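# Structural overview
Below, each chain spelled out in residue letters.
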Amino acid sequence: MTWIAPEVERPSGSLVAPERELLAGYLNFYRTTLLYKCAGLTAEQLATRPSPPSNLSLLGLIRHARKVERIWFRIHFASASGTSPADPAFDPALGKDADFEVIDASQAQAEYEALVDEWALSDKAAEGYSLDQQFTFKGEVSSLRMIYIHLIGEHARHCGHADLLRQQLDGTTGA
């Protein structure tokens, strides 16, 4: 039996909430939008690269989203919380684009579930910390606020890629 990406409901949130709630709400909206773009597709469709020579696929975007969440919340921000940083999501020896290039349709369900698990771990890593909590990134002081803003942009950009990929796969369009 072929696995099919499940239907998802995107959360709605307040447009006038306090900053922390607003940032977390927008991040969760874009996180969920990626899964929304994948809903109803088979593992094989998720792994398809419909726009050669690009290495982009929806499964690659799922893997990339997991990688960037881990890098920012559980590797870089971990230093601020005094916890041990997580290991990279993918073996660095495979290259910086392994998340896009080393994909396997038979692993689509596991990759999807790993992304959802990573989101929960990311949220837990930030829980209880002020948006002003600082950490050092490449020798520069940064903050948890910057992580939220950066990841909102990252996910929004890749949701645009997902729109195009989905349209090329089966003609589905729309937010």
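See above for the structure.
Residue numbers here run from 1 along each chain, matching the order of that chain's written sequence. In view of the model being predicted, local features appear only for residues whose pLDDT reaches at least 70, and side-chain atom pairs are presented and counted only at 80 or more, with totals across whole chains, interfaces and linings using the full set of residues. Side-chain figures throughout are based on the complete set of non-hydrogen atoms in the structure, without hydrogens or water.

Here we come to the overall build of the protein chain. Strands here are runs of E lasting at least two residues and helices are runs of H or I lasting at least four, both read from the DSSP assignment and numbered beginning at the N terminus. Counting its regular elements, the protein chain contains seven helices and two strands. Written out in order from the N terminus, the α and β elements of the protein chain read α-α-α-α-α-α-β-β-α. Here the C-alpha radius of gyration of the protein chain, 16 Å, is about what a compact globule of 175 residues would show, namely 16 Å. When the backbone C-alpha atoms are referred to their principal axes, the protein chain occupies close to 45 × 40 × 30 Å. The classification of residues rests on relative accessible area computed with a 1.4 Å probe and restricted to protein chains. Under 20% of the type maximum is buried, over 50% is exposed, and intermediate values are partly exposed. When each of the 175 residues of the protein chain is scored for burial, the buried share is 41%. Surface accessibility of the protein chain: about 9100 Å² in total, with carbon and sulfur atoms responsible for 54%. Here the protein chain contributes 16 positively and 23 negatively charged side chains, and the mean placements of these two sets differ by 3 Å. Note that the radius of gyration is over C-alpha atoms, with the globule rule given as 2.2 Å times the number of residues to the power 0.38. Note on areas: these come from Shrake-Rupley sampling with a 1.4 Å probe, and a residue is covered only by the protein chains present in the view. Positive charges are assigned to Lys and Arg, negative charges to Asp and Glu, while His and the chain termini are left out of the count. In this description, the location of a charge corresponds to atom NZ of lysine, CZ of arginine, CG of aspartate or CD of glutamate.

Following Pro52, the chain continues into Pro53 via a peptide bond in cis, with omega recorded as 5 degrees. Its identity as a non-glycine residue notwithstanding, Lys138 has a phi of 50 degrees, on the positive side. Inspection of the secondary structure puts Lys138 in the loop between strand S1 (134-137) and strand S2 (140-143). On the accessibility criterion, Lys138 (75% relative accessible area) is exposed.

Before going further, it helps to spend a moment on the side chain of His155. Looking at the element boundaries, His155 is found in helix H7 (residues 144-170). Here a residue-residue contact requires only that any non-hydrogen atoms of the pair lie within 4.5 Å. In contact with His155, other than residues within four places in its own chain, are Leu27, Tyr30, Arg31, Ala65, Glu69 and Trp119.

Attention shifts here to the packing of helix H1 (residues 19-38) against H7. It is at 9 Å that the axes of H1 and H7 come closest, and there the two elements cross at 25 degrees. Taken together, the axis directions place H1 and H7 in an arrangement best described as roughly parallel. Seen along the crossing, H1 lies across H7 with a hand that is left-handed. By the convention adopted, Pro, Cys, Tyr, Trp, Phe, Met, Ile, Leu, Val and Ala count as nonpolar, Lys, Arg, Asp and Glu as charged, and the other residues, Gly among them, as polar. Partitioning the contact of H1 with H7 into residue classes produces 16 nonpolar, two polar and seven charged. Between N-to-C directions, angles span 0 to 180 degrees; the directions come from axes that are lines fitted to C-alpha atoms, helices contributing only their stretch in contact. Here the word oblique covers every angle except those under 35 degrees (roughly parallel), over 145 (roughly antiparallel) and from 65 to 115 (roughly perpendicular). Note: crossing handedness is left-handed where the near helix turns anticlockwise from the far helix by less than a right angle, and right-handed where it turns clockwise.

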